[in-house]
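# Inside the fold
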Amino acid sequence: MKKNGWILILFVFLGMLAGALVADWLKRVPGLDFLTRTVKVHWSPSADLLVLVYNINFSLNVSLLSMVGIAAAIWIYRKM
């Protein structure tokens, strides 16, 4: 299988999603709150150019388990 950037982006996205799902499932476990605590990263570029007005909102919630999922996805990609 040929490696390319799109496959890596897909793996990273799926790894982050899997880590976020595990973090959500473990949110109720009292001893693991340091793994499930999220940090919100928010970016919203906007402009009013008289003929064109745009507002774009990007929001990303990152937890430690999401980062573990990303690392695992990159590791799996490199092993392919």
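Residues numbered from 1 in each chain as written. Predicted model: local features only at pLDDT ≥ 70, side-chain atom pairs only at ≥ 80, totals over all residues. Heavy atoms only, no water.

### Some points on the overall build of the protein
Put simply, the rule reads: Each helix is a run of DSSP H or I of at least 4 residues and each strand a run of E of at least 2, with the numbering of both proceeding from the N terminus. Our radius of gyration is a C-alpha quantity, and the globule rule it is checked against amounts to 2.2 Å times the number of residues to the power 0.38. For every residue, the accessible area obtained with a 1.4 Å probe (protein chains only) is divided by the maximum for its type, and the residue is called buried under 20%, exposed over 50%, and partly exposed between those limits.
In terms of helices and strands, the protein carries three helices and four strands. Moving toward the C terminus, one meets the helices and strands of the protein in the order α-α-β-β-β-β-α. In terms of C-alpha radius of gyration, the protein reaches 17 Å, well past the compact-globule figure of 12 Å for 80 residues. For the protein, the C-alpha atoms occupy an extent of roughly 50 × 40 × 15 Å along the three principal directions. The buried share of the protein, reckoned over its 80 residues, is 19%.

### Quick notes on the UniProt feature "transmembrane region" (unreviewed entry) in the protein
Applicable threshold: UniProt positions are given in the numbering used here, feature names are shortened, and annotations may be inferred rather than shown by experiment.
Feature annotation in UniProt assigns "transmembrane region" (unreviewed entry) to the following positions: residues 58-77. For residues 58-77, the end-to-end C-alpha separation is 26 Å, with 70% helix and 30% strand making up the annotated structure.

### Brief notes about the side chain of S66
Counted only if it meets this: The contact definition used throughout considers only heavy atoms, calling two residues in contact when any of these lie within 4.5 Å.
Within the secondary structure, S66 sits in helix α3 (residues 64-79). Setting aside anything within four residues of it in sequence, one finds S66 in contact with G15, M16, G19, A20 and N61.

### Some details on the pairing of strand β1 (residues 38-43)
One face of the sheet, then the other: side chains in a regular strand alternate in exactly this way. Going by this rule: Should DSSP find at least two bridges between two strands, the strands are regarded as paired.
With zero of its six residues buried, β1 lies for the most part at the surface. Pairing of β1 with strand β4 (residues 58-63) involves six bridges; the strand directions are antiparallel. Residue pairing across strands places T38 opposite S63, the latter belonging to β4.

### What about the packing of aromatic side chains?
Here is the rule we go by: Whether two aromatic rings pair depends on their centres lying within 6.5 Å, for rings of Phe, Tyr and Trp, where Trp uses its six-membered ring; planes under 30 degrees apart make the pair stacked, over 60 edge-to-face, and the rest tilted.
Counted according to the given criterion, the structure contains two aromatic pairs. An angle of 80° between the planes, with centres 6.2 Å apart, marks the rings of F11 and Y77 as edge-to-face. Placement of F11 in helix α1 (residues 5-25) and of Y77 in helix α3 is noted, with a sequence separation of 66 residues between them. A relative accessible area of 11% places Y77 in the buried class. Ring centres 5.5 Å apart and planes at 15° place the aromatic pair W43 and F58 in the stacked group. Placement of the pair is W43 in strand β1 and F58 in strand β4, with a sequence separation of 15 residues.

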